[in-house]
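Structure assessment
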Amino acid sequence: MKKQFHPLRLLAVGMACAALFFTACKKENTGSISQDTGKSATGAHVETVTKAGGMSVCYVEVNSNSLLNTGKYTLTTGGQQLFDIAIIFAANINYNTTTQKAVLYNNPNVSNVLTNKATQIVPLQNKGMKVLLSILGNHQGAGFCNFTSRTAAKAFAQQLSDTVAYYGLDGIDFDDEYADYGNNGTTQPNDSSFVMLVDELRKLMPTKIISFYFYGPAASRLSWGGKKVGDFVNYSWNAIYGSYSVPNVAGLTKAQLGPAAVDIQSTSQSTANSLATQTKNNGYGIYLWYNLTSTDKHVYFSGVSSILYGSNVTYTP
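A few points on the structure. (Residues numbered from 1 in each chain as written. Predicted model: local features only at pLDDT ≥ 70, side-chain atom pairs only at ≥ 80, totals over all residues. Heavy atoms only, no water.)

A few words on the layout of surface pockets. Summary: where empty space remains is shown by rolling a probe the size of a single water molecule over the atoms. Each pocket or cavity is described by its volume, and for the second largest pocket that value is around 310 Å³. Taken together, 18 residues line the second largest pocket, and the ones lying closest to its centre are Gln-100, Lys-101, Ala-102, Phe-147 and Ala-152. If you list the elements that add at least two residues to the lining of the second largest pocket, you get strand S8 (101-105) and helix H5 (150-167). With 5 residues, H5 is the largest single contributor of residues to the lining of the second largest pocket. Its residues assigned to classes, the lining of the second largest pocket comprises 7 nonpolar, 10 polar and 1 charged. (1 Å grid on protein atoms, 1.4 Å probe; cavity = no way out; pocket = protein on both sides within 12 Å on 5 of 7 lines; lining within 4 Å. Points joined across faces, edges and corners; volume = space filled by probe spheres on them. Helix = DSSP H or I, 4+ residues; strand = E, 2+ residues; numbered from the N terminus. Nonpolar A, V, L, I, M, F, W, Y, C, P; charged D, E, K, R; others polar.)

This next bit is on the pattern of salt bridges. Side chains carrying opposite charge are able to pair once their charged atoms draw close together. In this structure the tally under the stated criterion is 7 salt bridges. Between Asp-199 and Arg-150 there is a salt bridge, and its shortest N-O distance comes to 3.3 Å. Taken together, the residues span a long stretch of sequence, with Asp-199 in helix H6 (residues 193-204) and Arg-150 in helix H5 at a distance of 49 residues. Relative accessible area serves as the criterion here: at 29%, Arg-150 is assigned to the partly exposed category. Residue Arg-221 pairs with Asp-191 through a salt bridge whose shortest N-O separation is 4.0 Å. Remark: Asp-191 occurs in the loop between strand S10 (171-175) and H6 and Arg-221 occurs in the loop between strand S11 (209-214) and strand S12 (223-224); sequence separation between them is 30 residues. Judged by its relative accessible area of 22%, Arg-221 falls in the partly exposed class. Linked through salt bridges whose partners overlap, the residues forming this network are Arg-150, Asp-199, Glu-200, Lys-203 and Lys-227. (Salt bridge = Lys/Arg side-chain N within 4 Å of Asp/Glu carboxyl O. Buried < 20%, exposed > 50% of the residue type's maximum accessible area, 1.4 Å probe, protein only.)

What follows concerns the side chain of Thr-186. By the element assignment, Thr-186 lies in the loop between S10 and H6. Judged by its relative accessible area of 13%, Thr-186 is buried. A polar atom in the side chain of Thr-186 sits 2.8 Å from the backbone oxygen of Asn-183. Not counting residues up to four positions away in its chain, the partners in contact with Thr-186 are Tyr-95, Gln-140, Gly-141, Ala-142, Asn-146 and Tyr-181. (Polar contact = N/O pair within 3.5 Å; in protein donor to acceptor, adjacent residues only side chain to side chain. Contact = heavy atoms within 4.5 Å.)

Here we come to the nonpolar core. In this structure, Ile-88, Ile-135, Phe-174, Phe-194, Tyr-287, Trp-289 and Phe-301 are the most contacted members of the largest nonpolar core, which totals 76 residues. Setting aside residues up to four positions removed in sequence, Phe-174 forms contacts with Ile-135, Phe-144, Leu-160, Phe-194, Leu-197, Val-198, Leu-201, Ile-210, Ser-211, Phe-212 and Tyr-213. Core analysis: the next-biggest nonpolar cluster, separate from the first, contains 21 residues, Val-57, Ile-87, Ile-240 and Leu-288 among them. (Core = buried A, V, L, I, M, F, W, Y, C linked by side-chain atoms within 4.5 Å.)

Counted according to the given criterion, the structure contains 21 aromatic pairs. Their ring planes at 85° and their centres at 4.9 Å tell us that Tyr-166 and Tyr-167 sit as a pair that is edge-to-face. Since its relative accessible area comes to 59%, Tyr-166 is described here as exposed. Through successive ring pairs, a cluster of aromatic residues spans Tyr-73, Phe-83, Tyr-287, Trp-289, Tyr-300, Phe-301 and Tyr-315. The positively charged end of Lys-254 is found above the aromatic ring belonging to Tyr-284, 5.1 Å away from the centroid. (Phe/Tyr/Trp six-rings, centres within 6.5 Å; stacked < 30°, edge-to-face > 60°. Lys NZ or Arg CZ within 6 Å of the ring centre and 35° of its normal.)

We now examine the environment of Ala-142. Tracing the sequence through the fold places Ala-142 in the loop between strand S9 (130-137) and H5. Residue Ala-142 is classed as buried on the basis of its relative accessible area of 3%. For the pair Ala-142 and Gly-182, spaced 40 residues apart in sequence, the C-alpha to C-alpha distance is 8.2 Å. When near neighbours in sequence (up to four residues on either side) are disregarded, Ala-142 contacts Ile-93, Asn-94, Tyr-95, Ala-102, Ala-179 and Thr-186.

Of the two faces of strand S17 (residues 260-263), the one carrying Ala-260 and Val-262 and the one carrying Ala-261 and Asp-263 are both buried. Here strand S15 (residues 243-244) pairs with S17 via 2 bridges, running antiparallel. Looking at the pairing, Tyr-244 lines up with Ala-260 of S17. Relative to strand S18 (residues 286-290), S17 runs parallel, the two being bridged by 4 bridges. In the strand pairing of S18, Asp-263 is matched with Tyr-290. Each parallel crossover has a hand, and the one from S17 via helix H7 (residues 269-281) to S18 is right-handed. (Pairing = 2+ DSSP bridges. Right-handed = clockwise from strand over helix to strand, strands pointing away.)

Looking now at unusual backbone geometry. With glycine set apart, most residues show a phi of negative sign, and most peptide bonds adopt trans. The residue after Phe-89, namely Ala-90, is reached through a cis peptide bond having omega 0°. Looking at the element boundaries, Ala-90 is found in strand S7 (residues 85-96). Residue Asp-180 is not a glycine yet carries a positive backbone phi of 55°. Looking at the secondary structure, you find Asp-180 in the loop between S10 and H6. A positive phi angle, close to 60°, is found at Asn-184, a residue other than glycine. Mapped onto the secondary structure, Asn-184 falls in the loop between S10 and H6.

Okay, structure coming up:
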């Protein structure tokens, strides 16, 4: 499979998508993130992460970068991890033309991270971080929005749940891009599909994290049959890097929403800081980072962290 990258989502692109992003949830923020102390899959002690100022979430392109880079940044004051959630980007939803069913596909780089969970995933979890697997379309016509029956949606949800359980992950992230709905004779998006999928996945993973990257056809198909996606997902965040837009996911509180999104490699320090200030002043609970590499970025991160958490960031190679 070709390496998949997010398109460069700068503010100019975001303006074209503004219709998706203008409505803000009015519920109140809890103002802090607390993750339970416990044991990892290996039985090792898991540190507690508790910090005021909300969560920092980071996507890593594991085709070219190590997920472990997320664990190298801590708050200079207090020592907590900067990143609360690390996301493996990305597995794919593929289409089996013989069975005419959606199937989960992990490319060799994603598989390498998962099969080497003891050295790639557990060390982050032992620091109190959560590790999610992002699921992305793969140009084959299969997507989250074109399941035509609950049975089909449940079957794919089962694949996701089985993967989370087998590899000791903390949850699943949905990114409705590159599906190319209609390819291979598949159907176009419908209103029921995504709701059914997250409903079935929540039943299979009652205590795990389900997040939604607010983008694509799924972003406008969030309610059906008296149920809504916000009833089943834990978090949703803006997908337009360099912009501030509140995901319109009914049912989520401010603490569960991330209106600020930055591309670490291309969003300026001043823009990142401004987005952090807006996030804090408006009481939202998530700040989204994308495209972390091995390059030391603690100075860049400190600009945001000092606003959100009142602390600079320390880098430990």
